[in-house]
Amino acid sequence: MEILKLNPVFKDYIWGGNRLVSDFGFNTGLKKTAEGWMLACHKDGMNTVSGGEFDKMKLDEVISKVGFAKLAGKNAERFPYFPVLIKLIDAYDNLSIQVHPDDEYARRVENEYGKTEMWYVLDSTDGAELIYGFKEKISSEEFREAIENNTLLDKLNRVKVKKGDLFFIEAGTVHAIGKGALIAEIQQNSNCTYRVYDYGRLGNDGKPRELHIDKAVDVSVCEPPKYDIKPLGEEIKNDGYISQKLSQCPLFTVDRYAVDKSVKLFADDKSFNHILVIDGKGKIENKNAKKGDSFFVPASLGEYEISGNIEFLLTKI
């Protein structure tokens, strides 16, 4: 089976900007482009295939035709859904302060799955910040009180960010991307979000966007984050490329590659490979690849080569 190039799905949330157009060259057709869903097999967004045998087919249609295990691999079979959702996020303005439930709560309350995620900072303006957990441990009652008294921002941990920072955000972590950050996000395949605070903004309908206070209090872990904000591994210099382990957990593994000649990778029967090109250009086998391109490498494809002057994120299950 061939490597699939995927067409992104774009979202025009009110906090979005234009960097996915200006920096990545996407023709989104939107006034604001907040997110590009680069690997998406979800009811709220579904990639289509660009070119080849499955041209213009939706990803779920390809899965139905080929078979889930054959396409996604043995490790994905333990999930009752396609395992991951991968995005590019342009925060021209602050995102709402929010939290995601774990699987148990999300299945019971939302008939959805929970959401643990990873952010890799691709770029940021001077002074850009993220909110990542709390400054110190507080009770759920104190959390609710801070929301009601409009003192929540005083309780939260603000982190200045720069290119190359890595945030691992377990379900239950209160968080927000701040304005000026350009992010690659790898997450559980869920769109379940509880909004806690939204800076008093109005939505496109002219009304304040909905908050989900009771549910947020139910699921939030009200304490400082337990993970550092750097990649899991150091850069490893190889002949023709640099590799780096960014994150690894039972849900996904993410590595970064910066290639100046070529690298040979391998997709075994355990997992698909997803390639998100974050800079440069080159080839993935015989397919041209440039910044912003998204490629799905089916499980069991075997060895394949990426060449050129190109930087990308590799995600596996």
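Along each chain, residues carry numbers from 1 onward, in the same order as the chain's sequence is written. Confidence filtering applies because this is a predicted model: local features only for residues at pLDDT of at least 70, side-chain atom pairs given and counted only at 80 or more, and all residues used for totals across whole chains, interfaces and linings. To obtain the side-chain values, all non-hydrogen atoms of the structure were included, while hydrogens and water were left out.

Caption draft 1: Inspection of the state of the cysteines at higher detail. When two cysteine sulfur atoms lie within 2.5 Å, the pair is treated as a disulfide. According to the stated counting rule, one finds 0 disulfides in the structure shown. This cysteine, Cys 192, is not joined by any disulfide, and Cys 222 carries the nearest cysteine sulfur, 17 Å off. The thiol of Cys 249 is unpaired, and the distance to the nearest cysteine sulfur, on Cys 192, comes to 18 Å.

Caption draft 2: Quick look at the sheet that holds strand 12 (residues 166-169). The pairing criterion is simple: DSSP has to find at least two bridges between the two strands. Comment: elements are numbered from the N terminus, with helices defined as DSSP H or I runs of at least four residues and strands as E runs of at least two. The 6 strands are arranged 2-3-7-14-9-12 in an open sheet whose pairing can be described as antiparallel. The open sheet has two edge strands, strand 2 (9-11) and strand 12, and neither has a second partner. For this sheet, the mean inter-axis angle between neighbouring strands, taken without regard to orientation, is 20 degrees. Bridging between strand 9 (residues 117-124) and strand 14 (residues 181-188) involves 7 bridges; their strand directions are antiparallel. Within strand 14, the position partnered with Asp 123 by the bridge is Leu 182. Think of each axis as a best-fit line through the C-alpha atoms, taken over the contacting stretch in the case of a helix, with angles from 0 to 180 degrees between the N-to-C directions.

Caption draft 3: Examining the environment of Ile 186 more closely. Relative to the elements of secondary structure, Ile 186 occurs in strand 14. Separated by 101 residues in the primary sequence, Ile 186 and Lys 287 place their C-alpha atoms 24 Å from one another. Residues count as neighbours in contact if any of their non-hydrogen atoms are within 4.5 Å of one another. Once residues lying within four places of it in the same chain are set aside, the contact partners of Ile 186 are Leu 85, Ile 86, Thr 116, Glu 117, Met 118, Phe 252, Val 254, Leu 313 and Thr 315.

Caption draft 4: Structural context of helix 2 (residues 59-66). Relative accessibility decides the category of a residue: with a 1.4 Å probe and only protein chains considered, values under 20% of the type maximum give buried, values over 50% give exposed, and everything between is partly exposed. Taken as a whole, helix 2 has its buried residues at Leu 59, Val 62, Ile 63 and Val 66. Buried positions in helix 2, seen along its axis, are confined to an arc of 100 degrees and lie on one side of it. For helix 2, the exposed residues lying more than 90 degrees away from the buried face are Ser 64 and Lys 65. The secondary structure elements touched by the buried residues of helix 2 are strand 1 (4-7), strand 3 (35-39), strand 4 (41-42), strand 5 (45-46), strand 6 (48-49) and helix 3 (68-72). Think of the arc as the fan of directions from the helix axis to the C-beta atoms.

Caption draft 5: Here's a closer look at the packing of aromatic side chains. Stacked, edge-to-face and tilted labels apply to pairs of Phe, Tyr and Trp rings (six-membered ring for Trp) whose centres lie within 6.5 Å, assigned for plane angles under 30 degrees, over 60, and everything in between, in that order. With the rule as written, the count across this model stands at 17 aromatic pairs. Three or more aromatic residues joined by ring pairs form one cluster here, namely Phe 10, Phe 24 and Phe 26. Charges are assigned to positions over rings by a cutoff of 6 Å between ring centre and Lys NZ or Arg CZ, combined with an angular limit of 35 degrees from the ring normal. Across from the ring centre of Trp 37, 4.6 Å away, lies the NZ or CZ of Lys 11, which sits over that ring. Positioned above the aromatic ring of Tyr 113, the side-chain terminus of Arg 107 is 4.4 Å from the ring centre.

Caption draft 6: Main features of the pairing of strand 3. A large share of strand 3 lies buried, amounting to 5 of its 5 residues. Sheet analysis places strand 2 next to strand 3, joined by 3 bridges and oriented antiparallel. Within strand 3, the residue paired with Phe 10 across the bridge is Gly 36. In this structure, strand 3 lies alongside strand 7 (residues 84-91), joined through 4 bridges in antiparallel fashion. Opposite Glu 35, over in strand 7, you have Ile 89 as the bridge partner.

Caption draft 7: Fine view of the pattern of salt bridges. Any Lys or Arg side-chain nitrogen found within 4 Å of a carboxyl oxygen on Asp or Glu counts as a salt bridge. In the structure shown here, the tally under the stated rule is 25 salt bridges. Across the salt bridge formed by Lys 43 and Asp 44, the nearest N and O atoms sit 3.6 Å from each other. Its relative accessible area of 71% is what places Lys 43 among the exposed residues. Several salt bridges share partner residues, and in doing so they unite Glu 35, Lys 87, Lys 115, Glu 117 and Glu 185 into one network.

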